[in-house]
Amino acid sequence: MKVLYLIQTHQNPDQIYRLVQIIKTSSPRSYILISHSYNYSYLDASPFLKFPGVEVISRQGGRGNFSLTRGYLEALDWIFSHNIEFDWLINLSGQDYPTQPLPKIENFLESTKYDGFLVYFDALSDSKQNPWGSKLGKRRYLYQYLQLSESLSFWQQAIMKPLQEVINHMQSLVYIHSSYGLRIGIPAYCYPFNAKFLCYGGSFFSTLSQKTVQYLYNFSKHNPQFVDYYKKLIIPEESYVQTVLVNSQRFNLCNENKRYYDFSKTKLGHPRLLTIEDYPALIKDDIHFARKFDMTQDSKVLDWLDARILQV
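These lines cover the structure that appears in this document, whether it is placed above or below. For clarity, every value in this text was computed on a predicted model and none was experimentally measured.

With that out of the way, let us pick up the overall build of the protein. A count of helical and extended segments in the protein gives 10 helices and 15 strands. Here the C-alpha radius of gyration of the protein, 20 Å, is about what a compact globule of 312 residues would show, namely 20 Å. Once the C-alpha set of the protein is aligned to its principal axes, its extents read approximately 60 × 45 × 35 Å. The contacts of the protein with a sequence gap of at least 6 include a subset with a gap of at least 24, amounting to 73%. Of the roughly 15300 Å² of accessible surface on the protein, a fraction of 53% belongs to carbon and sulfur atoms.

Turning next to the side chain of Ser178. With respect to the secondary-structure elements, Ser178 resides in the loop between β9 (175-177) and β10 (182-187). Residue class for Ser178 comes out buried when judged on its relative accessible area of 1%. Of the polar contacts made by the side chain of Ser178, one reaches the side chain of Gln164; its length is 2.3 Å.

This model, assessed by the stated rule, comprises 12 salt bridges. The salt bridge involving Arg63 is made with Glu237; its shortest N-O contact spans 3.8 Å. With Arg63 in the loop between β3 (54-59) and α2 (67-81) and Glu237 in the loop between α7 (224-230) and α8 (240-248), this residue pair connects regions lying 174 residues apart in the sequence. You can call Glu237 buried: its relative accessible area is 3%. With a shortest N-O distance of 3.3 Å, Asp115 and Lys211 are connected by a salt bridge. With Asp115 in the loop between α3 (102-111) and β6 (116-117) and Lys211 in helix α6 (residues 210-222), the pair connects residues that are 96 residues apart, well separated along the chain. We classify Asp115 as buried; its relative accessible area is 11%. Here the salt bridges do not stand alone but share partners, grouping Arg18, Asp303 and Asp306 into one network.

Here the bond from Arg291 into Lys292 is cis, since omega is 0°, no more than 30 degrees from zero. Tracing the backbone through its elements, the reader meets Lys292 in the loop between β15 (289-291) and α10 (300-310). With phi around 55°, Asn12 is a residue other than glycine that occupies positive phi space. Counting through the fold element by element, Asn12 comes out in the loop between β1 (3-9) and α1 (13-26). For Gln249, which is not a glycine, the phi torsion comes out positive at approximately 55°. With respect to the helices and strands, Gln249 occurs in the loop between α8 and β13 (253-254).

Glancing now at the side chain of Thr212. Within the fold, Thr212 resides in helix α6. Separated by 2.7 Å, the side chain of Thr212 and the backbone oxygen of Ser209 make a polar contact. Filtering out sequence-adjacent residues up to four positions away, Thr212 remains in contact with Asp115, Leu245 and Phe251.

Attention shifts here to the environment of Tyr31. Along the polypeptide, Tyr31 turns up in strand β2 (residues 31-37). C-alpha separation for the pair Tyr31 and Val54, spaced 23 residues apart in sequence, amounts to 6.0 Å. When near neighbours in sequence (up to four residues on either side) are disregarded, Tyr31 contacts Lys2, Val3, Leu4, Tyr5, Gly53, Glu55, Trp78 and Ile84.

All of the buried residues in α3 are Leu102, Ile105, Glu106 and Leu109. Along the axis of α3, the buried residues cluster in a sector spanning 100°; they form a single face.

On to the pairing of β2, then. When a strand is regular, its side chains alternate between the sheet's two faces. By the criterion of burial, β2 is predominantly enclosed, with 7 of the 7 residues buried. The two faces of β2 match: Tyr31, Leu33, Ser35 and Ser37 on one face and Ile32, Ile34 and His36 on the other face are all buried. Judged from the 6 bridges that link them, β1 and β2 form a sheet pairing that is parallel. Bridge assignment links Gln8 to a residue of β2, and that residue is Ser35. Alignment of β2 against β3, held across 6 bridges, turns out to be parallel. By the bridge assignment for β3, Ser35 is matched with Ile57.

Definitions and limits used
All residue numbers refer to positions counted from 1 along the written sequence of the respective chain. Per-residue local features of the predicted model are confined to residues with pLDDT of at least 70, and side-chain atom pairs are confined, for both listing and counting, to 80 or more; whole-chain, interface and lining totals are unaffected and use all residues. The basis for every side-chain value is the complete set of heavy atoms in the structure, and neither hydrogens nor water enter the calculation. The numbering of helices and of strands both runs from the N terminus, where a helix is a DSSP run of H or I of at least 4 residues and a strand a run of E of at least 2. We compute the radius of gyration from the C-alpha atoms alone; for a globule the expected value is 2.2 Å times N to the 0.38, where N is the number of residues. Note on definitions: a residue-residue contact is assigned when non-hydrogen atoms from the two residues lie within 4.5 Å. Residue exposure ignores everything except the shown protein chains as possible cover, and the areas themselves are Shrake-Rupley values with a 1.4 Å probe. For each residue, the accessible area found with a 1.4 Å probe, counting protein chains only, is set against the maximum for its type, and the residue is called buried under 20%, exposed over 50%, and partly exposed in between. Any N or O atom pair separated by 3.5 Å or less is treated as a polar contact, with the protein-specific requirement of one donor-capable and one acceptor-capable atom, and with residues adjacent in sequence counted only for side-chain atom pairs. What counts as a salt bridge is simple: a side-chain nitrogen of Lys or Arg found within 4 Å of a carboxyl oxygen of Asp or Glu. Read the arc as the range of directions from the helix axis to the C-beta atoms. For two strands to be treated as a pair, DSSP must find at least two bridges joining them.

Put into structure tokens, the structure is as follows:
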């Protein structure tokens, strides 16, 4: 049984090295593909040479637009074009970390009845299962956006926020989004969702079997119009995989992703940084990975996790 780790990174090279080292130490047979945004920071690939089965590729970075989803799909293309063999694919960020020995996770995956682990819900519904609410789901996935600026200064944001709230509240023909740069959206003239093909949302991070990844890859190749539609959405990575896989009705999917993160008292969709105080919550049996960590802020929690993962 072989696990492939797809790690999409953009900063903190030292923490990326540490993440790769703990994965390869705990699971030497695993394969790691690092998809790094060099437009954000430089990542020296030479330290990875001592680990067999580690590859680094480049991707274009960005936040809130299609860049993260594009990087994921480009990584799948690289994986299948290079005939990389794997049984499960686990995607991580450079600030994720395992919370238990990887052989234990691999044994779990080898014996599970499920084909994938990912959080999903109807993003356009008003049901209790939708934590976003239908209004936010529709703003994200029933509008097409033009990006005017990739980032705004503090003062630009201070000016835009009250103006944005007034304009968005008064009408629905144009929607201004300024959390990740400046984007202007208008309702989509035609969209791919209907009663038989729902728009699903959820966390970008998942654990998927080889056959679900193969289906996702094939679907993306054979449905370029679907991909093009998602290129003009806000935060498409929190819908793309769910919408493709859940609508297929081909797989036994578990509606949880075995991850720990805490969005309480945070802004702009960033989970708060985890510290040693979070350690008791991280080591529950149903948690495989957690995010996000910053070893420059608290390295002790990673030291404790290392000891647990390696059973020192």
